Amino acid sequence: MDVKQRMQELAQARYGREPAQCGDGELYRVLLQLTQELAQARPAPQGERKLYYFSAEFLIGKLLSNNLLALGIYDEAKQALAQCGKSLAAIEDVEPEPSLGNGGLGRLAACFLDSIAALGLPGDGVGLNYHYGLFKQEFHMSHQFEQPNPWIEDDSWLIPTGTEFEVPFGFGPVKARLFDIAVPGANTGIANRLHLFDVEHPAPAPREGIDFDKTDLPAHLTSFLYPDDSDEAGRLLRVYQQYFMVSAGAQLILKELDERGCGPETLSDHVAVQINDTHPSMVIPELVRLLAARGLTMDQAVEQVSKTCAYTNHTILAEALEKWPLTFIEKVAPQLVPIIRELDARARAAHPDPKVAILQGEEGKEIVHMAHLDIHFGYSVNGVAALHTEILKGSELRHFYDIYPAKFNNKTNGVTLRRWLEVCNPQLAALLDQCVGPEWRADPTRLSRLMDYYNDSPVLEKLLDIKAANKRAASDLFARDQYGIRLDPDAVFDIQVKRLHEYKRQQMNALYVIHKYLEIKAGKTPQRPVTVIFGAKAAPAYVMAKHIIHLILCLRRLIENDPQVRPWLHVAMVENYNVTWAERLIPACDISEQISLASKEASGTGNMKFMANGAVTLGTLDGANVEIAELVGPDNIYTFGAGSNYVIELYDQKMKDGAKGYQSRVYYERPAVKPLVDFLISPALTSLGDEAALKALWTDLTTKDWFMALLDVEAYTAARDRAIADYGDRAAWARKMLVNTARSGYFSSDRTIAEYNRDIWRLG
Ligand code: 26V
């Protein structure tokens, strides 16, 4: 296709003007239509078996640039725009960011769809079309507030399909309407689909905030991702949403199987279902139910489903391993209850250990352990990084590992370097083309050839220049979109962007800021200015996470107002951190903060994106940091802190005897630690913020500190100071950057998906 000509035709047809006379919004819609036409003209890939990737989240980000790239018309479109005096960046600014995910789990699903299509494999996503997303974050008075985040416009990536299914809820049937988003594969002529189910009459957005009547169903089924689950109505709504997704998805699978001329008894020959965390686990009993309704015996149905479904675990945090009261399922989908009872009975008959039962009694109630359902009646269980999988096998799921060793496998996460390097860092991508040849784009392992330039001064200089340019660009966008707040592009950019959670220890990062602040106040100026950048949303009902945001925003104000400190230390927190902000900040990062309590971060994927873009990791030996450390070697990463075995041992001790194990008080009393923690309740800070919130944080750290920030804070401070000092030797630092990019090819999600296909899906 001649892109320029088609743009002209579409601009004329839609707006009666030449592209050069169109506004940015009009050109965006022209390119959207052009891209949609090309993607929809592509055939779906064929194979013996087709994958359905079920996920509550698909954090797809803006799609225009990525789709242009996948369709092979990125450069052409850019040139055509340039001839009209427009930049692709300006056009993409107009695109709303879809709001279908929360964090790593959802972004992983999006990277996977990209890689499945790029490898030419038949695999579609199945999820929900949330109209208002997670929420839009606003800061007022140094606190987080939540607003709806509507993203669906008249012209959008959603393709109405006309396909509908009836979901049989306890209160009656509800129509599920299917919308698709095309997923064109880079370097292939095919396109897969992301299937998003929606209700027929979605509810309007709440006028203020994200409170709504959670019993107003079905209208609110697809309003928000993760509605507040601090009350029973919120928890029930989640189960309604989950069943809506899996029932419609299971019906879609059987419809497509039928269209291929295959009977339900051949399901597992033709279909693989990947269950992304436990949110879609009800797909197992639902498929059993639908197969039985199509005439299979219970034995046959269970066998088919067990050879079709595979489960990915993304966390060992107890709070995230879903358990639903059976009464909820009785209410939402009563037809599943006898099936879950049957599956539980079968599991118990084979494995009498009550710890592995699906239905367990708790406080007189029957509780369904969703992960147990997946493990007994799925054929694969995988963790998402080597260490995480070992922890699953050795501790969290060891009773299951004893029963089913062959089901367990590791699939270390990956990220699509098309979005996370080619599109977000074009200058670095161009340098890589020169150094290792453009083949790295299809085969990221070729990035290792960059090692040939380890002592090449012009290349090292160029790496530093590109980083400096990216820092300036990020600073400009920050000033433009974040209330004019200026970042100093000459400072070290030290960045922690991820969900706000105590285990990720943003509070430990804040303690380091306090440490620097106190040093500067005492007259000890750092070797160079440091800009500490945060980006994080706190779950609306997660009080402690909101207090941590408050702390960070108070520290920001404190430092802004202090002329003695301001030249040396800067704290910035992005409002409404999202995929778009990640694409701006990651290429601009010098030091990548990956400081979770060892054993708690299943993998991390931000760590991989930063590494590919030449940031140096400062991290604990947790999740995929362990694999990053092995790949880059000790000179090119800063690791610190307690290891996972020790942390697990501390938790075990505490479980046996509350007075044993980790006692935060002991660490709090240390002379280097106490002043940092006590600063939380100092007048300098409490005069700026909410004293009760800061006091609550102080109390938590000094009496509980469940995620052991104080255990590691001294080692962290030392490692971070060392990194900032090393940054001064620019040539040596450039080598660290080079090694990180060179070794990042392993973390391409193309590699991850090739492994899923080889070991689990076998799509043929
Ligand atoms: C999180 C939340 C937070 C908001 C309230 C509701 C809610 C419900 C579930 C979850 C689970 C999030 C799971 C998640 O994102 N896990 C991440 O998965 C990544 C991809 O495998 C992995 O790299 C991260 O280590 C892991 O935290």
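Residues numbered from 1 in each chain as written. Predicted model: local features only at pLDDT ≥ 70, side-chain atom pairs only at ≥ 80, totals over all residues. Heavy atoms only, no water.

Q: Now, about the domain arrangement of the protein chain: what can you tell me, with residues and values included?
A: Domain parsing of the protein chain yields domain 1 (42-62 + 97-413) and domain 2 (471-734). Each of domain 1 and domain 2 has a C-alpha centre, and these two points are 33 Å apart. Facing the 37 residues of domain 1 at the interface are 40 residues of domain 2. A combined buried area of about 2900 Å² lies between domain 1 and domain 2, and 60% of that area is made up of carbon and sulfur atoms. The largest per-residue losses of area from domain 1 upon contact with domain 2 belong to Gln137, Phe139 and Ser142, which jointly make up 21% of the total buried on that side. Our enumeration of links across domain 1 and domain 2 arrives at one salt bridge. Linking Glu146 and Lys546 is a salt bridge whose minimum nitrogen-to-oxygen distance equals 2.8 Å. Across the domain 1-domain 2 interface, the total number found is 15 residue pairs in polar contact (both at pLDDT 80 or more). Contributing elements (two or more residues each) for the side of domain 1 that touches domain 2: helix H6 (104-118), strand E3 (136-140), strand E4 (143-147) and helix H14 (386-396). (Domains from an automatic or database assignment. Contact = heavy atoms within 4.5 Å. Buried area = accessible area lost by both parts, 1.4 Å probe. Salt bridge = Lys/Arg side-chain N within 4 Å of Asp/Glu carboxyl O. Polar contact = N/O pair within 3.5 Å; in protein donor to acceptor, adjacent residues only side chain to side chain. Helix = DSSP H or I, 4+ residues; strand = E, 2+ residues; numbered from the N terminus.)

Q: So what's going on with the site of the ligand? Residues and values would help.
A: Looking at the ligand, there are 18 residues lining it, with His314, Asn413, Glu601, Ser603 and Gly604 nearest. Contacts to the ligand include Ala602, whose backbone N or O atom sits 3.3 Å from an oxygen atom. Here an oxygen atom of the ligand sits 3.0 Å away from a polar atom, N or O, in the main chain of Ser603. In isolation the ligand exposes 600 Å². Once the protein is present, 88% of that is buried. For the shell around the ligand, the residue count by class is seven nonpolar, eight polar and three charged. (Near = heavy atom within 4 Å. Areas by Shrake-Rupley, 256 points an atom, 1.4 Å probe, with all protein chains shown as cover. Nonpolar A, V, L, I, M, F, W, Y, C, P; charged D, E, K, R; others polar.)

Q: Can you tell me about the environment of Gly604, naming the residues and giving the values?
A: Among the structural elements, Gly604 can be located in the loop between strand E18 (591-594) and helix H22 (606-612). In sequence terms Gly604 and Gln12 are 592 residues apart; their C-alpha atoms lie 46 Å from each other. Residues contacting Gly604, with those up to four places away along its chain left out, are Asn413 and Ala624.

Q: Describe the pattern of salt bridges, with residues and values.
A: Under the defined criterion, the tally for this structure stands at 50 salt bridges. We note a salt bridge from Arg6 to Glu9, for which the minimum N-O separation is 2.7 Å. Placement of both Arg6 and Glu9 in helix H1 (residues 3-15) is noted, with a separation of three residues, approximately one turn of the helix. Residue class for Arg6 comes out partly exposed when judged on its relative accessible area of 22%. (Buried < 20%, exposed > 50% of the residue type's maximum accessible area, 1.4 Å probe, protein only.)

Q: A description of the environment of Glu627 should follow, citing residues and the corresponding values.
A: As for its placement among the helices and strands, Glu627 is situated in helix H23 (residues 625-632). With a relative accessible area of 8%, Glu627 lands in the buried category. As a C-alpha pair, Glu627 and Ala70 span 557 residues in sequence and 29 Å in three-dimensional space. Not counting chain neighbours up to four residues away, the residues in contact with Glu627 comprise Ala385, Ala386, Thr412, Tyr746 and Phe747. Within the structure, the side chain of Glu627 is placed 2.7 Å from the side chain of Thr412, a separation counted as a polar contact.

Q: Break down the state of the cysteines for me, with residues and values.
A: On inspection of all chains with the given rule, the structure shows zero disulfides. Left without a disulfide partner, Cys262 is nearest to the cysteine sulfur of Cys309, which lies 17 Å away. With a relative accessible area of 16%, Cys262 lands in the buried category. (Disulfide = S-S within 2.5 Å.)

Q: Would you mind going over the pairing of E4 in detail, with residue names and values included?
A: Pairing of E3 with E4 involves five bridges; the strand directions are antiparallel. By the bridge assignment, Phe139 is partnered in E4 with Gln144. Between E3 and the antiparallel strand that follows it, E4, lie two residues; Met141 among them carries a positive phi value of about 50 degrees. (Pairing = 2+ DSSP bridges.)

Q: Tell me about the side chain of Lys600, and please be specific about residues and values.
A: Positionally, Lys600 belongs in the loop between E18 and H22. Glu396 provides the closest opposite charge to the buried, salt-bridge-free Lys600, at an N-O distance of 6.0 Å. Once you skip the residues sitting within four places of it in the chain, Lys600 turns out to touch Ile316, Leu317, Tyr503, Asp622, Tyr651 and Phe707. (Lys, Arg positive; Asp, Glu negative; His and termini not counted.)

Q: Go over the sheet that holds strand E15 (residues 492-497), please, and point to the residues and values.
A: Taken in spatial order, the six strands of this open sheet run E17-E16-E15-E18-E19-E20, and their pairing is parallel. Two strands bound the open sheet, and with one partner strand each, they are strand E17 (569-574) and strand E20 (638-639). As judged from the four bridges shared by E18 and strand E19 (residues 616-619), these two strands associate in the parallel manner. Bridged to Glu593 within E19 is Leu618. Here helix H30 (residues 730-742) sits on the sheet in contact with E18, E19 and E20, set at roughly 90 degrees to E19. (Axes fitted to C-alpha atoms, helices over the stretch in contact; angles between N-to-C directions.)

Q: Go over the packing of aromatic side chains with me, naming the residues and quoting the values.
A: Following the criterion strictly, the structure yields 24 aromatic pairs and no others. Their ring planes at 20 degrees and their centres at 5.4 Å tell us that Phe212 and Phe224 sit as a pair that is stacked. Of this pair, Phe212 sits in the loop between strand E7 (191-199) and helix H7 (232-259) while Phe224 sits in the loop between E7 and H7, and the two are twelve residues apart along the sequence. Seen from their ring centres, Tyr517 and Phe679 are 5.3 Å apart, and the 50 degrees between their planes marks the pair as tilted. Pair noted here: Tyr517 is in helix H19 (residues 506-521) and Phe679 is in the loop between helix H26 (674-678) and helix H27 (683-686), with a separation of 162 residues, a long-range link. Each member of the pair, Tyr517 together with Phe679, is buried. Ring pairing ties together the aromatic residues Phe169, Phe171, Tyr240, Tyr243 and Phe244, which thus form one cluster. The ring centre of Tyr651 lies 4.4 Å from the NZ or CZ of Lys600, which sits over that ring. (Phe/Tyr/Trp six-rings, centres within 6.5 Å; stacked < 30°, edge-to-face > 60°. Lys NZ or Arg CZ within 6 Å of the ring centre and 35° of its normal.)

Q: Describe unusual backbone geometry, and please don't skip the residues or the numbers.
A: Note the cis peptide between Leu217 and Pro218, where omega equals 5 degrees. In this structure, Pro218 sits in the loop between E7 and H7. Not every positive phi belongs to a glycine, and Ser599 is a case in point at roughly 95 degrees. Its location among the elements puts Ser599 in the loop between E18 and H22. Of note, the phi angle at Met708 is positive, near 55 degrees, even though the residue is not glycine. Overall, Met708 belongs to the buried group, its relative accessible area being 2%.

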